[in-house]
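Each chain, letter by letter, is given below.
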Amino acid sequence: VARQSRLGSYTLIAGNLSQIFPGTHSLLCLLYVLTMPSRAATTKPLNLPDLSRLTLLVVDDNNDSVDMLAAFLRACGANVLEARTPFRALGYFQTTPRLDAIITDLAMPEMTGVDLLKRVRAHPRRSRLPVIALTGYYEDYAQADGFDAFLRKPVNFDELCSAINRLVRRRKST
Amino acid sequence: LPEHAAVIAVLILERPMCLECIASKSSLSIAEAEPYLQRIGLGLELLVDEGRCRTCGEPRTVFSLNRLS
């Protein structure tokens, strides 16, 4: 008989010893097997948004930002490509068969996120790709048009994931 | 990545935690853990509050990632 207790799961096994050892008196044997709960069974899963099956491109010249965002997006199940420069991001356009969304910083040397957006919109195959802007200089770029979402840095993680899911769904439905 | 930063970020993902506990759980000294928190705060919205640490129970400055409820 298998049961659950506060200590874990246990199994009660009952039998007649005379069947095992002929000649002995009939004796009911109770065996109590305590099984400690496995670590996996007791660990509460993290309450993370679901981004599985998505390929996301994170573009930021700040290593810490891109590392941190990529780590969290991967923890949510996404396949994450990291680009430290917009030029590297453009390289991914040519080499990556599937891309679901771009999350880009705006203030970057050589090419800003706004310029990167223009390149995306002019691209023959990627023009409808959702592009999410992240910036610490929100006021400077408040007039920037064309982004599918515009989020302030440091970003609220749930807000970012929610924007990604919403935009990817919207793109698929059109 | 800075694996420590990822570990710390996950530690404070669901519960406010004091610097002492963050350091202890990520196998760092307090002096080492603090810069990682600053780096996390550059990219992700970090809440710094006075409250009870959900790990040790002490009333201290606690850190958590801001989540939408």
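Structure report, in brief. Residue positions are given per chain, counted from 1 along the sequence in the order it is written. Labels follow written order: the first chain is A, the first ligand is 1, and so on. pLDDT decides what is reported in this predicted model: residues at 70 or higher carry local features, side-chain atom pairs at 80 or more are listed and counted, and totals for whole chains, interfaces and linings draw on all residues regardless. Values shown for side chains rest on all heavy atoms present in the structure; no hydrogens or waters enter the calculation.

**Let's talk about the sheet that holds strand 2 (residues 46–52) of chain B**
Residues and elements named next belong to chain B. A sheet is described by the order of its strands in space; here three strands give the open sequence 1-3-2, paired in antiparallel fashion. On the outer flanks of this sheet lie strand 1 (17–18) and strand 2, each paired with one strand and no other. Bridge count for strand 1 against strand 3 (residues 59–65) is two bridges, and the pairing is antiparallel. Residue pairing across strands places cysteine 18 opposite valine 62, the latter belonging to strand 3. Whether two strands pair comes down to DSSP finding at least two bridges between them. Only DSSP runs of H or I with at least four residues qualify as helices, and only runs of E with at least two residues qualify as strands; both kinds are numbered from the N terminus onward.

**Remarks on the sheet that holds strand 8 (residues 149–152) of chain A**
In a beta sheet, neighbouring strands are held together by backbone hydrogen bonds and run either parallel or antiparallel to one another. Residues and elements named next belong to chain A. Here five strands make up an open sheet; going across it, the order is 5-4-6-7-8 and the pairing parallel. Either end of the sheet is taken by a strand with one partner, and the two such strands are strand 5 (79–83) and strand 8. Averaged over neighbouring strand pairs, the angle between their axes works out to 20° when direction is ignored. Strand direction decides the pairing type here: strand 6 (residues 101–105) and strand 7 (residues 131–135), joined by four bridges, are parallel. The residue bridging isoleucine 102 from the neighbouring strand is valine 131, located in strand 7. Whether two residues touch is decided by their heavy atoms; if any such pair falls within 4.5 Å, the residues are in contact. Inter-axis angles, ranging from 0 to 180 degrees, are taken between N-to-C directions of lines fitted to C-alpha atoms, where helices are fitted over the stretch in contact. Where helix 5 (residues 113–122) meets the sheet, it contacts strand 4 (55–59), strand 6 and strand 7, and its direction lies at approximately 155° from that of strand 6.

**Describing the side chain of His123(A)**
Residue and element names in this part refer to chain A. For histidine 123, the position within the fold is in the loop between helix 5 and strand 7. Residue histidine 123 is classed as buried on the basis of its relative accessible area, which comes to 11%. By the criterion applied in these results, polar contacts are pairs of N or O atoms within 3.5 Å in which, for protein atoms, one can donate a hydrogen and the other can accept it, and in which residues neighboring in sequence qualify only through two side-chain atoms. A polar contact of 3.2 Å, which involves the side chain of histidine 123, links it to the backbone nitrogen of arginine 126. Residue contacts for histidine 123: discarding those within four places in its chain leaves Phe93 and Gln94. To sort residues, take the accessible area from a 1.4 Å probe on protein chains only and compare it with the maximum for the residue type: under 20% means buried, over 50% means exposed, and anything in between is partly exposed.

Nothing here speaks to function; it is geometry throughout.
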